[in-house]
Amino acid sequence: MSAEGASRCRAERRRLSCALTVLTLAAITSSSLSALSLYRALALQAEVEVLRTEVNRRREAQGGVAGGGVGEPQRAAEEDREDAEVRCACGSEAARPRRARYVCNARALPFRRRRSAARPLERLLSGFFRGPSRPQTPWWARSAAPPEDRSEPSLKKRSLGREPAQTVFQPCLQMMADSRRKPYQKEFALDVHVAVPWQTGLKRGTALEGDQDDILVREEGYYFIYSQVEHYDQPEVFYKDPKYAMGHIVLRTKQNVVGDESQHVVLFRCVQSMNAKVPYNTCFTGGIVKLESGDRVELLIPRSTANISLDGDSTFLGAVKLA
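What you see is a predicted model, and the numbers here were worked out from it, not measured in a lab. The residue numbering used here restarts from 1 in each chain and proceeds along that chain's sequence as written. Owing to the predicted nature of the model, reporting of local features is limited to residues with pLDDT of at least 70; listing and counting of side-chain atom pairs is limited to 80 or more, with chain, interface and lining totals taken over all residues. Heavy atoms throughout the structure, all of them, feed into the side-chain values; hydrogens and water do not.

Caption draft 1: Just the state of the cysteines, in detail. Here, a disulfide means two cysteine sulfur atoms that sit within 2.5 Å of each other. For the structure shown, the criterion picks out one disulfide. Note on cysteine connectivity: C270 is disulfide-linked to C283, with sulfurs 1.6 Å apart. Between C270 and C283, the disulfide has an S-S torsion of -105 degrees and is therefore left-handed. A residue pair is termed long-range when its members are at least 10 positions apart, and C270 in strand β9 (residues 264-273) and C283 in strand β10 (residues 280-291) qualify at 13 residues. A 1.4 Å probe rolled over the protein chains alone gives each residue an accessible area, and that area as a share of the maximum for its type sets the label: buried under 20%, exposed over 50%, partly exposed in between. Judged by relative accessible area, which is 1%, C283 ranks as buried. Numbering of helices and strands runs from the N terminus; a helix is a DSSP stretch of H or I covering at least four residues, while a strand is a stretch of E covering at least two.

Caption draft 2: Spotlight on the nonpolar core. Definition used in this section: a nonpolar core is a set of buried Ala, Val, Leu, Ile, Met, Phe, Trp, Tyr and Cys residues joined via side-chain atoms within 4.5 Å. Core analysis: the largest hydrophobic core is formed by 25 residues, its most contacted members being V196, L208, I215, I225 and I301. Of all elements in the fold, only β1 (172-177), β6 (214-217), β7 (221-232), β10, β11 (296-301) and β12 (316-321) reach the threshold of two or more residues within this core. Grouped together as the second largest cluster of nonpolar side chains are five residues, F188, A195, I249 and L251 included.

Caption draft 3: Expanded view of the pairing of β6. Alternating positions in β6 separate into two faces, D214 and L216 on one and I215 and V217 on the other, with burial throughout. Strands are treated as partners if at least two bridges between them are detected by DSSP. Linking strand β5 (residues 208-211) back to β6 in an antiparallel pair, the connection comprises two residues, with Q212 at a positive phi of about 55 degrees. Pairing geometry for β6 and β11, over two bridges, is antiparallel. Pairing of L216 across the sheet is with R296, part of β11.

Caption draft 4: Layout of the sheet that holds β7. Spatially, β4-β1-β12-β7-β10 is the arrangement adopted by the five strands of the open sheet, whose pairing is antiparallel. Single-partner strands in this sheet number two, and they are β4 (198-204) and β10. The average angle at which neighbouring strand axes cross in this sheet is 10 degrees, direction not considered. Here β7 pairs with β12 via six bridges, running antiparallel. The residue bridging Q228 from the neighbouring strand is F316, located in β12. All axes here are fitted lines through C-alpha atoms, helices being fitted over the stretch that makes contact, and every angle between N-to-C directions spans 0 to 180 degrees.

In structure tokens:
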């Protein structure tokens, strides 16, 4: 092969390579423009759908305020405004791609006819539902849809064979010190104790009830028992003897006794030191115990004389049924 033929072959190869490169670039550019046009068309379609939903909501809200209907002049004005808003959302003809112009024209031109045909159905549904209806948003427009108004009441789903959840309140009883009466003496374990006069402060359920300054258990179960006594030495004398300690015990009296077990059981003990100069303090105790029906719970102070506060927020005895 001569040198002239070889140079011609190289020139033809270069031309073919350039042509393929130009065609590849043209195909890539065309694909990119098509993708951008499709994306713009979908975005415009989403905006039109959102605008349509908003216009529908405003029109129905205005119709509900006016008394369930609008006149023909007002309806025509609303239709013209809706068409104008749709055209404004779609933009000008020159600024839209070919695909976007087709989508906007398809939604804007028959928009008035579709709204007019849907009004009889909306009037029919308005008799069954209160408030404006919510059209479903397509999947491609969900990101641009307005947020849901959570202030409106919503229907809760209920599956068959399942009962609705109910709020269960635990039975409880709280006894507060009765300031109309005075503490009195009561014998326990061959010693003289001070008993507190009680009055019912809070009661819920039938598992517990107050009876003669005691808590009477009506239902067997586990209970949380708590108590507090406020002791003080001013302005009266706290103890007759110079002892600066105070406290109380929570006592259980069993209804059923098995064998040689004791009928009286001390559930909790509370001991608190008192200041020698200003003896004024409170003592709180509490815990979980199992009680049987007919048992009694009472509070005693292991002293022959004691000066305590009879305020309901300072001295109290209570129980809450757990299970």
